[in-house]
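# Overview (structure and organization)
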Amino acid sequence: MNMDVLADFWLAQIVGVGPVGKSILEEIFGDIRTLFLSSSDEVYLRMKKNAFSSIIYNERKNKDNNGKRRYRIPAAVIERLADPADRRDIISEYERTKKQAIIFIRKKDTEYPERLRDIPNPPEHLFLYGRLPDPNKKAIGIVGARNCTPYGRDMARLFGYRLAQAGMVVISGMAKGVDGWAHRGALEAEGETLAVLGCGVEVCYPSCNSKIYRALKEKGGLISEYPTTYGAMAQNFPMRNRIVSGLSDGILVVEARIRSGSLITADAALDQGKDVFVIPGRIGDELSVGCNRLIRQGAIPVLTPDDILEYYGITRSIDNSSSLSAEEQQLLELIGTTPVSLAWLAEQMQGSYANTLRLVMSLKKDRFIMETSRDHYIRM
């Protein structure tokens, strides 16, 4: 067993040691392997001896003469670093995660996503269920409100489907609302999609997305910088947003309040030099304020998935609607990106309800349209 990998895996289990904390520990011990092999007494002794080294920057309260924010390794973290039980159990935990097909990736490993290496505060390590997205494909991060409207739900699903169908990788956070619907759309298109979690990859959060979670394990990917069984906590989600944008070429904001995690992701994308796309919203709508303000600040408004594909020079597959019957073609022309009811379609077709239902089921089966809610359809 590679001792350097085991030492890094051990440190990855200790929440509270970020990139700054790791650099402090490497300064004190030389490398993480030496820290891992040190006795409890030696850990305490070195940390006490290097008390000034363990206070660098990033703490809000006390600032040094240069105005830098200082950082202190918390006492609870030092206790875990010195705890012999953690070291005894780490080999069995490492083997357990391997049996679960969870991949541990360090920043120094060749498997580490290149797109993350140059972002501010890149994760030191990642835990992966499934597979990483193809680095040669364009990737779009789709984010938005958890308590989205039916319109936001339909747009997230439609954009997820069409962009994945065209060969883009859809990345989101598997949160309730827009995130989950974007993943669902990409999965329905049998495209590539990856969820960046604010918890460990063995934790399904929220539980309402359990079907998506299982599908991503088999057909996509789940990734996190947190220990595999670590629960979801509010402070984790703003941190994971930088990974969503870091893995993406651009971010699409579907619905967002004036203060929301979606806007944090958009800010991270701008800091990383990524494109920011926005679906415009209705003026005065609470879930549209954040989106419309982004547009005013220079984000790119998009009205259809084709706007994003055209921006990146991606050509959609040829429309095979020419193979449809005259009735199917007529029905398809009545369906756009705004949901319409089966009853309305039957009225417009001036035929029997049963015949319209047959045509709708045929178009749905061939993935020309999708059902957004009971007996309501939009065009794919």
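Preceding this section is the structure that the text describes.
Residues numbered from 1 in each chain as written. Predicted model: local features only at pLDDT ≥ 70, side-chain atom pairs only at ≥ 80, totals over all residues. Heavy atoms only, no water.

## Section: the packing of helix α11 (residues 236-246) against helix α12 (residues 261-271)
Definition in use: Structural elements are reduced to axes, namely lines fitted to C-alpha atoms, with helices fitted over the stretch in contact, and the angle between N-to-C directions of any two is expressed from 0 to 180 degrees. Going along the chain from the N terminus, every DSSP run of H or I of four or more residues is numbered as a helix, and every run of E of two or more is numbered as a strand. When an angle is under 35 degrees it counts as roughly parallel; over 145 it counts as roughly antiparallel; between 65 and 115 it counts as roughly perpendicular; any other value is oblique. Handedness of each helix crossing follows the sense of rotation of the near helix against the far helix: counterclockwise by less than a right angle gives left-handed, clockwise gives right-handed. Throughout, a contact is declared for two residues whenever any of their heavy atoms are within 4.5 Å. Residue type decides the class: Asp, Glu, Lys and Arg count as charged, Ala, Val, Leu, Ile, Met, Phe, Trp, Tyr, Cys and Pro as nonpolar, and the leftover types, Gly among them, as polar.
Taken N-terminus to C-terminus, the directions of α11 and α12 make an angle of 50°; their axes are 8 Å apart at the nearest point. When the axis of α11 is compared with that of α12, the two are oblique. Helix-helix and strand crossings are classified by hand; for α11 and α12 the assignment is right-handed. On α12, the residues that touch Pro238, Asn241, Arg242, Val244 and Ser245 of α11 are Gly261, Ile264, Thr265, Ala268 and Ala269. Looking at side-chain class alone, the contact of α11 with α12 contains five nonpolar, four polar and one charged residues.

## Some details on a nonpolar patch on the surface
We count it as follows: What makes a patch is a set of residues exposed beyond 30% relative accessible area and free of salt bridges, joined within 9 Å when like-charged and within 5 Å when nonpolar (Val, Leu, Ile, Met, Phe, Trp, Tyr). Surface accessibility in these figures is a Shrake-Rupley result with a 1.4 Å probe; residues are shielded only by whichever protein chains are displayed. The working definition used for a salt bridge is a side-chain nitrogen of Lys or Arg within 4 Å of a carboxyl oxygen of Asp or Glu.
Taken together, the side chains of Tyr353, Leu357 and Met361 present a nonpolar region at the surface, about 250 Å² in accessible area. Within the element layout of this structure, Tyr353 appears in helix α17 (residues 353-365).

## Quick notes on the packing of aromatic side chains
Remark: the centre distance and the inter-plane angle together describe each pair of aromatic rings, the angle taken between the planes. The condition is simple: Only Phe, Tyr and Trp rings are paired, with Trp represented by its six-membered ring, and only when their centres lie within 6.5 Å; those with planes under 30 degrees apart are stacked, over 60 edge-to-face, the remainder tilted. Throughout this description, buried means an accessible area under 20% of the type-specific maximum (1.4 Å probe, protein chains only), exposed means over 50%, and partly exposed covers the range between. Two limits define a charge over a ring: the Lys NZ or Arg CZ must be within 6 Å of the ring centre, and within 35 degrees of the ring normal.
Within this structure, the stated rule accounts for ten aromatic pairs. Seen from their ring centres, Phe9 and Tyr94 are 5.0 Å apart, and the 80° between their planes marks the pair as edge-to-face. Note that Phe9 is positioned in helix α1 (residues 3-12) and Tyr94 in helix α6 (residues 84-99), a separation of 85 residues in sequence. Residue Tyr94 is classed as buried on the basis of its relative accessible area of 15%. One aromatic cluster in this structure is built from Phe9, Tyr94, Phe104 and Phe127. One residue, Lys217, lies across the ring of Tyr129, its end atom 4.6 Å from the ring centre.

## Quick notes on the side chain of Asp109
Let me state the cut-off plainly: Any N or O atom pair separated by 3.5 Å or less is treated as a polar contact, with the protein-specific requirement of one donor-capable and one acceptor-capable atom, and with residues adjacent in sequence counted only for side-chain atom pairs.
Tracing the backbone through its elements, the reader meets Asp109 in the loop between β3 (102-106) and α7 (114-117). Accessibility expressed as a relative area gives 16% for Asp109, which makes it buried. At 2.8 Å, the side chain of Asp109 forms a polar contact with the backbone nitrogen of Arg106. If we skip the residues at most four places from it in the chain, Asp109 touches Phe104 and Arg117.

## Let's talk about the state of the cysteines
Formally: Disulfides are defined in this document as cysteine sulfur pairs within 2.5 Å.
Applying the stated criterion to the full structure yields zero disulfides. In this structure Cys148 is not part of a disulfide, and its nearest cysteine sulfur, from Cys208, lies 11 Å away. Take Cys199: it sits in no disulfide, and the sulfur closest to it among the cysteines is that of Cys204, at 8.0 Å.

## Considering the nonpolar core
Using the following cut-off: Only buried Ala, Val, Leu, Ile, Met, Phe, Trp, Tyr and Cys residues count toward a nonpolar core, and they belong to the same one when joined by side-chain atoms within 4.5 Å.
Ranked by internal contacts, the top residues of the largest apolar core, which has 41 residues, are Trp10, Leu25, Met47, Leu81, Met174 and Leu222. Not counting residues within four places of it along the chain, the set of residues in contact with Leu81 comprises Trp10, Leu11, Ile14, Leu25, Leu35, Val43 and Arg87. Among the nonpolar cores identified, the runner-up in size contains 30 residues, and Ala145, Val254, Ile308 and Met370 belong to it.

## Regarding the pattern of salt bridges
Counted according to the given criterion, the structure contains 22 salt bridges. A salt bridge links Arg96 to Glu202; its shortest N-O distance comes to 2.7 Å. Here the residue Arg96 occupies a position in helix α6, and Glu202 occupies one in the loop between β7 (193-196) and α10 (210-219), the gap between them amounting to 106 residues. With a relative accessible area of 27%, Arg96 lands in the partly exposed category. In this structure, the salt-bridge partner of Arg282 is Asp285, at a minimum N-O distance of 3.6 Å. We classify Arg282 as exposed; its relative accessible area is 63%. Here the salt bridges share partners, and the residues they tie into one network are Asp8, Arg106, Lys108 and Asp109.

## Details of the pairing of strand β10 (residues 275-278)
In plain terms, the rule: We call two strands paired when DSSP finds no fewer than two bridges between them. When the strands point away from the viewer, a crossover counts as right-handed if the path from the first strand over the helix to the second runs clockwise.
Pairing of strand β9 (residues 250-253) with β10 involves four bridges; the strand directions are parallel. Each bridged residue has a counterpart across the sheet, and for Val253 the counterpart in β10 is Val278. Sheet analysis places β10 next to strand β11 (residues 300-301), joined by two bridges and oriented parallel. Across the sheet, residue Val278 finds its bridge partner in β11, namely Pro301. What joins β10 to β11 is helix α13 (residues 289-296), and the crossover it makes is right-handed.

## Quick word on the environment of Tyr44
With respect to the secondary-structure elements, Tyr44 resides in helix α4 (residues 40-49). The exposure class of Tyr44 is partly exposed, given its relative accessible area of 40%.

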